[in-house]
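Residues per chain, in single letters:
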Amino acid sequence: MKKTFEQFRKSNLLFQVLKGPQHLECQKLFVLDSSFNPPHLAHFQLLSQTIKNFKLKDTRSHVLLLLAVNNADKLPKPASFPTRLEMMCLFADYLQEKLPQSVVSVGLTVFSKFIDKDKILHEQFVKGCSADIGYLVGFDTIARIFDEKYYHPLKISDVMESFMSGSQLYCLARGDCHLSAESQLRYASDILEGKFEPVIPREWGARIHVMQNDYPALRNVSSSEIRNKLKNGQVESLKDELPLCIYDYLINNKTIFD
Ligand SMILES: Nc1ncnc2c1ncn2[C@@H]1O[C@H](COP(=O)(O)OP(=O)(O)OP(=O)(O)O)[C@@H](O)[C@H]1O
Ligand SMILES: NC(=O)c1ccc[n+]([C@@H]2O[C@H](COP(=O)(O)O)[C@@H](O)[C@H]2O)c1
């Protein structure tokens, strides 16, 4: 993976598929954009609930696990990118097994903002198919997608118009969030009622779908909490938060977050 990653870094590519089909194979694409630092069961739950509730009837779905080599806020730490790519590939195999009605690809991009990721995916992955792209996010991320600071001095209603008119945002409420679960679940209807106008146009509310996590124990799981537990030797409890393949990988590579 180190070599593959270095090649991507040295190339001028903006997006590259490293595993799975190179182009969209189904009518519905679900993108999980994450730091995969490491991937965990709340990520799986986000995918599984979204596919269960929103996949097109009687068709397969295409899942794209996407890693940005530039994050909107975070430095590229603590696990190296090649390590994260290895975990993404293990996670992709796990998804393929658990969600057999899905096709899974793993990709890299240089873009941190969703508006830019969306443009490049339409150009290089969807390639002219009339598919809506569904982006899978936790509530903390949706709040950041609609934060004006990322687009200054442009207006969100202008700069995000093209992205929001062709995308759906599938969102899982989080326990470790500044808003109550009720407020998170009301977010789309609040937008539809115009509560955030003029910043967020009310019609965008129809493209946002906030779900409660069906498994309460996963609502507070996060990669940072898992990294801390691993550092502090609290490995037993990690079994309930990670796919077994990722758990085994971390146990065999305990220093990757050092
Ligand atoms: N417990 C959770 N419930 C709902 N969404 C989640 C949860 N954990 C992660 N997500 C979402 O999955 C997406 C990708 O996750 P990300 O890589 O940021 O994981 P994270 O666990 O929040 O990482 P970190 O702790 O390093 O910030 C984000 O949109 C994030 O909000
Ligand atoms: N305005 C935006 O589009 C925006 C804001 C914050 C994070 N992101 C991206 O969301 C993804 C997840 O971010 P975190 O790993 O920081 O939670 C990253 O790819 C990050 O760059 C995008």
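Just so it is clear, the structure is predicted and the values come from calculations on it, not from any experiment.

Conventions used here
- Residues numbered from 1 in each chain as written.
- Chains lettered and ligands numbered in written order.
- Predicted model: local features only at pLDDT ≥ 70, side-chain atom pairs only at ≥ 80, totals over all residues.
- Heavy atoms only, no water.
- Near = heavy atom within 4 Å.
- Areas by Shrake-Rupley, 256 points an atom, 1.4 Å probe, with all protein chains shown as cover.
- Helix = DSSP H or I, 4+ residues; strand = E, 2+ residues; numbered from the N terminus.
- Nonpolar A, V, L, I, M, F, W, Y, C, P; charged D, E, K, R; others polar.
- UniProt positions renumbered as here; feature names shortened; annotations may be inferred.
- Contact = heavy atoms within 4.5 Å.
- Polar contact = N/O pair within 3.5 Å; in protein donor to acceptor, adjacent residues only side chain to side chain.
- Pairing = 2+ DSSP bridges.
- Axes fitted to C-alpha atoms, helices over the stretch in contact; angles between N-to-C directions.

### A look at the site of ligand 2
Ligand 2 sits among 15 residues. The nearest are Asp33, Ser35, Ala72, Phe114 and Lys117. Within the complex, the protein chains bury 95% of what would otherwise be the 490 Å² of accessible surface of ligand 2. Contributions of two or more residues to the shell around ligand 2 are made by helix H4 (114-126) and helix H5 (139-145). The residue makeup of the shell around ligand 2, split by class, is 6 nonpolar, 3 polar and 6 charged.

### Some thoughts on the UniProt feature "binding site: ATP" in the protein
What UniProt calls "binding site: ATP" maps, in this numbering, to His43, Ser224, Glu225, Ile226 and Arg227. Secondary-structure assignment places His43 in helix H2 (residues 41-54). When residues no more than four places from it in sequence are discounted, the contact partners of His43 are Leu32, Ser34, Pro38, Phe91 and Ser223. In this structure the side chain of His43 is engaged in a polar contact, spanning 3.0 Å, whose partner is the backbone nitrogen of His40. Here Glu225 shows up in helix H10 (residues 223-231).

### Details of the sheet that holds strand E2 (residues 29-33)
With respect to topology, 7 strands assemble into an open sheet ordered E1-E4-E3-E2-E5-E6-E7, the strand pairing being mixed. For this open sheet the edge positions go to strand E1 (15-19) and strand E7 (208-211), each flanked by a neighbour on one side alone. Across this sheet, the average inter-strand angle for adjacent strands is 30°, counted without regard to direction. With 8 bridges joining them, strand E3 (residues 61-68) and strand E4 (residues 102-109) adopt parallel strand pairing. Residue pairing in the sheet places Ser61 in a bridge with Ser102 of E4. Along the sheet face, H2 touches E2, E3, E4, strand E5 (133-138), strand E6 (167-172) and E7 and points at about 125° away from the line of E6. Its contacts with the sheet place H4 against E1, E2, E3, E4, E5 and E6, and it is angled at close to 145° to E5.

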